[in-house]
Amino acid sequence: MMHDDYLLVNYADSLQNSEWLGLEYNNLTLAKGISFSFFLYICNLLLIPYPLGLILFWILSLLILIAAVKNVVGNREALLLMYLFLLYSPATFASSYSQQIYRMAVVPAAVVFVAACLIGLFFRRDEKISIQVRWALGAGVGLSFFWYIREDSIWLLPFVLGALLCTAIGGIAFQNERGVLAAKKLIVYTLPILTLLLTNHILSLKNESHYGIYTVSDRTDTNFSKVVSNMLKVEREGTVRADDRVWITKKQMEKMIDACPTLKSIEPQLKQIYESAWCIDGEIEGDIIFWALRDAVAWSGQYQSAADTDQFYKTLNEELTAALNQGTLKRREAIYLSSMGKGLTKEDIPFLLRRMAENMKSVFTYELCKSEAQPGNGNWEQLRKMEAVTGAMLVYPNRVSLKIGGMIQPAKNAEKLEVYIKAGSRMTELSIENGFSVEIEDVDRIEAAQFQIYENGDLKDTMELKTGKNAYCKIEVYNIEKVVSEDPLIKKSEPVIKISNIFIKIYQKTSILFLGFSFLGYLGIFVKMLTDLRKKRYECVPVFLIMTGFGISILVCMLGVSWFTAWMQQFQYRWYTFFYTAGVIAVLQMFQIFGICFGIKNVLKSVLSDRRKSWIK
């Protein structure tokens, strides 16, 4: 799709051609995060095909996680089991993630990478500063990469900030560090955040040098996002439901046009979006309205200059703010979880909790994970470009052609007669009098082709693909057969897909079991931590805090995604919720291995040890 996978591939192509994110600025140039495109660029630089790069990134993240907990776990067999459990995660087989050339594919590995470095830093808070710096820098690089994959990366922030705070408390306060050493440690523990801020600054400067605007994204970090935020605060007519498919109705847009001279100036283009493919049944659904708005602004002549376009949105935002403050536009009373999402009211909470519970059940049990060979979308040129940029083989859509047989009898007075079948820009010449049998490729409808009759090199007539007669010839069509050719890669990939789905099925069947054991382990760690705290022992505190951070981040992500997809119909929201929560699966599996492994190590072994002591007595 032009606004999704193909856009990110175009970014990567521009990076490979030393053109940053494109030579010319338009309404898509700074619309999405750079990380996935940068990943494709690095793979190309290292001569690694995208699928292999994806696998290596996943394995690297897992090895860093194992290295992070190696000294704490202290058991090779347990470490191996942890590694294998994550290695064959359903997220690595699901066609919705790893089998697509899209940014969701790198989210699981990026999440594990960030978590692994932060956990490694936490467990090494008592070691040399030089060792801690390595883990802190790793966390900073991983966090910067993760942050700019998507626009909703904030969901991992509770874990990140919690891990850094706990590390600082454990490494400075509990160690009674003072003076220079305490200052050094404090700098080390803020390195991940400082690295993220530095990355933001570098990307903003780079965009400013190319496009004249200091920002990472002109969709979420500029006056455009403020316009979106204000538009969502405009009260709409009638009862507003949590699952309404339209965030901003056509009537709301008309009211805003009347209240804002800047919108009035592009009224013809705004009317045009309601006649475009964006519109369904007279309305534009969900957040799609904002992509349509950007198109309308571009059609009006904006997006020639990033600075001028931002000034356009700044003026529009000031007009919307004034209209809301003066009461020209009625303000909707709601809580806004994001500037790019609609408001939440107390009446929406029961719906949100039900939807969230439903989505968590689906995600936690890997219900929609499935491996399959899905054909790519797009025309031949687009698919070939994606292959060229990524170094990956795509599954091409089925080729549909028409096999046509018949006979042509020229009229007695016809001179130098030529008959062709024209399909698009392609012309296929037919044999005259001896019968013809031809196959017209990439044509799936009879109406898409026609006979063309030439005499002495001049076009004289056209005919539909059926038996017919004119002044120049008689054409008899004996048969028309539709031929469907499947990409050979589909057949070749069947054994791999079969094995992949076996692994997925194993995880699906055991998901509740692992979830139950990990939660019991978490509760056991919590109880033992409370018991140990009375004795001033803190062995269980780190694991409990790490698992709690995992849990909070999962809940934040599920909450945000469940609310964002509330406008979608059932067949859509279940898939999109699964799609947008790629990182949750990775965090969930880390929660599970920590709960089971440390539950056995810190709780079960302790209980068995106490019993042995009682038996000895």
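Values in this document were obtained by computation on a predicted structure and should not be read as measured data.

Looking only at helices and strands, the protein features 21 helices and 8 strands. Overall, the protein is about 115 × 65 × 50 Å in size when its C-alpha atoms are taken along their principal axes. A separation threshold of at least 6 residues defines the contact pool for the protein, and within that pool the share at least 24 residues apart is 72%. Surface summary for the protein: the accessible area is close to 30,300 Å², and the carbon and sulfur share equals 58%. Of the side-chain charges in the protein, 66 are positive and 60 negative, and the distance between the mean point of each set is 13 Å.

Ranked by size, the top nonpolar core spans 165 residues in total, and within it Ile119, Met231, Phe550 and Phe594 carry the most contacts. Here the element with the most residues in this core is helix H5 (residues 107-123); it accounts for 15 residues. Among residues more than four places away in sequence, those in contact with Ile119 are Leu65, Ala68, Val69, Phe159, Ile546, Phe550 and Phe594. Membership of the second largest hydrophobic core comes to 20 residues, among which are Val419, Ile440, Val443 and Ile453.

Bringing the packing of aromatic side chains into the picture now. Tallying each qualifying case throughout the model produces 36 aromatic pairs. Between the aromatic rings of Tyr522 and Phe591, the centroid separation amounts to 5.6 Å while the plane-to-plane angle is 50°, which identifies the pairing as tilted. One end of the pair, Tyr522, is in helix H18 (residues 494-534); the other, Phe591, is in helix H21 (residues 582-616), and 69 residues separate them in sequence. Of the two residues, Tyr522 and Phe591, neither departs from the other in class, the shared state being buried. Three or more aromatic residues joined by ring pairs form one cluster here, namely Tyr102, Trp247, Phe290, Phe564, Trp575, Tyr576, Phe579 and Tyr580. Geometry around Phe122 places Arg125 over its ring, the cationic atom sitting 4.4 Å from the centre. Above the plane of the ring of Tyr573 lies Arg355, whose end atom (NZ or CZ) is 3.5 Å from the centre.

Once that is clear, we can look at the sheet that holds strand E5 (residues 449-455). With antiparallel pairing, 4 strands are arranged side by side in an open sheet as E3-E2-E5-E6. Of all strands in the sheet, those bounded by a partner on one side alone are strand E3 (426-429) and strand E6 (458-463). Each neighbouring strand pair of the sheet contributes to a mean axis angle of 35°, computed without reference to strand direction.

Bringing helix H8 (residues 179-211) into the picture now. Here H8 contains 33 residues, and its C-alpha end-to-end distance of 45 Å stays within 8% of the 48 Å for a straight helix at 1.5 Å per residue. Along H8, the helix axis deviates most sharply at Leu191, where the bend reaches about 50°; the proline Pro192 sits within four residues downstream. Listed as buried for H8 are Ala182, Lys185, Val188, Tyr189, Leu191, Pro192, Thr195, Leu196, Leu203, Ser204, Asn207 and Tyr211. In this fold, the buried residues of H8 make contact with H5, helix H6 (129-147), helix H7 (157-173) and helix H14 (306-326). Positive backbone phi, approximately 85°, marks Gly212, located one or two places after H8.

Turning our eyes to something else, we now look at the environment of Tyr274. Mapped onto the elements of the fold, Tyr274 is located in the loop between helix H12 (267-273) and helix H13 (288-299). With relative accessibility at 11%, the residue Tyr274 sits in the buried group. For Tyr274 and Gln132, which are 142 residues apart along the polypeptide, the C-alpha to C-alpha distance reads 56 Å. Contact partners of Tyr274, with chain neighbours within four places excluded, come to Ile248, Thr249, Lys250, Met253, Cys279, Gly282, Glu283, Ile284 and Ile289.

Here the focus is the layout of surface pockets. Of the pockets and cavities examined, the second largest pocket occupies roughly 650 Å³. What lines the second largest pocket is a set of 24 residues, among which Phe38, Phe39, Ile42, Val141 and Phe145 lie closest to the centre. Among the elements that line the lining of the second largest pocket, the one with the most residues is helix H2 (residues 35-45), at 5 residues.

For H6, spanning 19 residues, the distance from its first C-alpha to its last is 26 Å, which sits close to the expected 27 Å at 1.5 Å a residue. Listed as buried for H6 are Gln132, Trp135, Ala136, Gly138, Ala139, Gly140, Gly142, Leu143, Ser144, Phe145 and Phe146.

Turning next to a nonpolar patch on the surface. A cluster of nonpolar side chains, contributed by Leu513, Phe517, Phe519, Leu520 and Leu523, occupies part of the molecular surface with about 510 Å² of accessible area. One can find Leu520 in helix H18. Exposure remark for Leu520: the relative accessible area of 56% places this residue in the exposed category.

Quick notes on the rules
Residues numbered from 1 in each chain as written. Predicted model: local features only at pLDDT ≥ 70, side-chain atom pairs only at ≥ 80, totals over all residues. Heavy atoms only, no water. Helix = DSSP H or I, 4+ residues; strand = E, 2+ residues; numbered from the N terminus. Contact = heavy atoms within 4.5 Å. Areas by Shrake-Rupley, 256 points an atom, 1.4 Å probe, with all protein chains shown as cover. Lys, Arg positive; Asp, Glu negative; His and termini not counted. Charge placed at Lys NZ, Arg CZ, Asp CG, Glu CD. Core = buried A, V, L, I, M, F, W, Y, C linked by side-chain atoms within 4.5 Å. Buried < 20%, exposed > 50% of the residue type's maximum accessible area, 1.4 Å probe, protein only. Phe/Tyr/Trp six-rings, centres within 6.5 Å; stacked < 30°, edge-to-face > 60°. Lys NZ or Arg CZ within 6 Å of the ring centre and 35° of its normal. Pairing = 2+ DSSP bridges. Axes fitted to C-alpha atoms, helices over the stretch in contact; angles between N-to-C directions. Expected span 1.5 Å × (residues − 1). Bend = angle between axes of the 7 residues up to and from the residue. 1 Å grid on protein atoms, 1.4 Å probe; cavity = no way out; pocket = protein on both sides within 12 Å on 5 of 7 lines; lining within 4 Å. Points joined across faces, edges and corners; volume = space filled by probe spheres on them. Patch = residues over 30% accessible without salt bridge, like charges linked within 9 Å, V, L, I, M, F, W, Y side chains within 5 Å. Salt bridge = Lys/Arg side-chain N within 4 Å of Asp/Glu carboxyl O.

Keep in mind that these numbers describe shape and distance, not what the molecule does.
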